[in-house]
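Single-letter residue listing:
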Amino acid sequence: MILVFFPGDDPTGDGPWDMRAYVIFNVVLISMSAIGAAVVLATVRPPARHLPRRLLLAPLLCGSVLLVTRGVPGMAENLLMVTGIRRGGFMGAADISTGEFWTGIGINTYFFTGAVLLVGTTVSYGRRSAGSGPRRSAGQVR
């Protein structure tokens, strides 16, 4: 966490962003991750059963879409890199170092795994919460 606010020498790599944009970007990502973890945890915690279904399902769906959008192309890139078809991935240079190669594999696998797990959680919660409304007996009239 300290590296977000005090990253040392220019972490932007002389890119178009300045240090302020770098910090804001990282704070937003950390906040999204924390909120996502809280929402996923709420899907299995008994006190969260009193929350409206949409309150949990909306961020689960948004997170799933974001992770699938990043994770599936990342896994396709992994396949290109591992098979040697395109060692640098979709946009990378063909002459990347071994460290860059394995870093790319790791990051893409991380996002793909997150997508698989969050989609599974979203589907599971959607099914479990669909029938959790007020229950009526067969003979009960509104």
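Everything discussed here concerns the structure shown above.
What counts, and at which threshold
Residues numbered from 1 in each chain as written. Predicted model: local features only at pLDDT ≥ 70, side-chain atom pairs only at ≥ 80, totals over all residues. Heavy atoms only, no water. Helix = DSSP H or I, 4+ residues; strand = E, 2+ residues; numbered from the N terminus. Buried < 20%, exposed > 50% of the residue type's maximum accessible area, 1.4 Å probe, protein only. Areas by Shrake-Rupley, 256 points an atom, 1.4 Å probe, with all protein chains shown as cover. Phe/Tyr/Trp six-rings, centres within 6.5 Å; stacked < 30°, edge-to-face > 60°. Axes fitted to C-alpha atoms, helices over the stretch in contact; angles between N-to-C directions. Parallel < 35°, antiparallel > 145°, perpendicular 65-115°, else oblique. Left-handed = near helix turned anticlockwise from the far one by under 90°. Contact = heavy atoms within 4.5 Å. Expected span 1.5 Å × (residues − 1). Core = buried A, V, L, I, M, F, W, Y, C linked by side-chain atoms within 4.5 Å. Polar contact = N/O pair within 3.5 Å; in protein donor to acceptor, adjacent residues only side chain to side chain.

## Structural notes on the overall build of the protein
In terms of regular secondary structure, the protein is built from four helices and zero strands. Along the chain direction, N to C, the helices and strands of the protein fall in the order α-α-α-α. For the protein, the residues scored as buried account for 21% of the 142 residues in total. With the model as given, the accessible surface of the protein reaches about 10300 Å², and the carbon-plus-sulfur share is 68%.

## Quick look at the packing of aromatic side chains
This model, assessed by the stated rule, comprises two aromatic pairs. Taking 5.1 Å as the distance between ring centres and 85° as the angle between the ring planes, the aromatic pair formed by Phe101 and Trp102 counts as edge-to-face. With a relative accessible area of 54%, Trp102 lands in the exposed category. With a centroid separation of 5.8 Å and 80° between ring planes, the pair formed by Tyr110 and Phe111 is classed as edge-to-face.

## A look at the packing of helix H2 (residues 19-42) against helix H3 (residues 53-83)
Packing of H2 against H3 brings their axes to within 10 Å, and their N-to-C directions diverge by 125°. With respect to H3, the axis of H2 lies oblique. Classified by chirality, the crossing of H3 by H2 is left-handed. Contact with H2, carried on its side by Met32, Val39, Val40 and Ala42, involves Leu56, Pro59, Leu60 and Leu66 of H3 and no other residues of that element.

## Here we look at helix H4 (residues 98-130)
In this model H4 runs 48 Å from its N-terminal to its C-terminal C-alpha over 33 residues, within 8% of the 48 Å that 1.5 Å per residue would give. Within H4 the residues assigned to the buried category are Phe101, Gly104, Ile105, Asn108, Ala115, Leu118, Thr122, Tyr125, Gly126 and Ser129. Of the surrounding secondary structure, the elements contacted by the buried residues of H4 are H2 and H3.

## Observations concerning the nonpolar core
One finds Val39, Ala42, Ala48, Leu56, Leu57, Leu60, Leu118 and Tyr125 forming the largest nonpolar core, which totals eight residues. Contributions of two or more residues to this core are made by H2, H3 and H4. It is H3 that provides the largest number of residues to this core, a total of three residues. Look past the residues within four positions of Ala42 in its chain and what remains in contact with it is Ala48 and Leu56.

## Points about the side chain of Asn108
Locating Asn108 in the fold gives a position in helix H4. By relative accessible area, which is 3% here, Asn108 ends up buried. At a separation of 3.0 Å, a polar atom in the side chain of Asn108 contacts the side chain of Arg70. Leave out the neighbours within four places in its chain, and Asn108 touches Arg70, Gly74, Met75, Glu77 and Asn78.

## Quick notes on the side chain of Thr122
Looking at the element boundaries, Thr122 is found in helix H4. Only 3.0 Å separates the side chain of Thr122 from the side chain of Ser64, close enough to count as a polar contact. Not counting the four nearest positions on each side in its chain, Thr122 is found in contact with Leu57, Leu60, Leu61 and Ser64.

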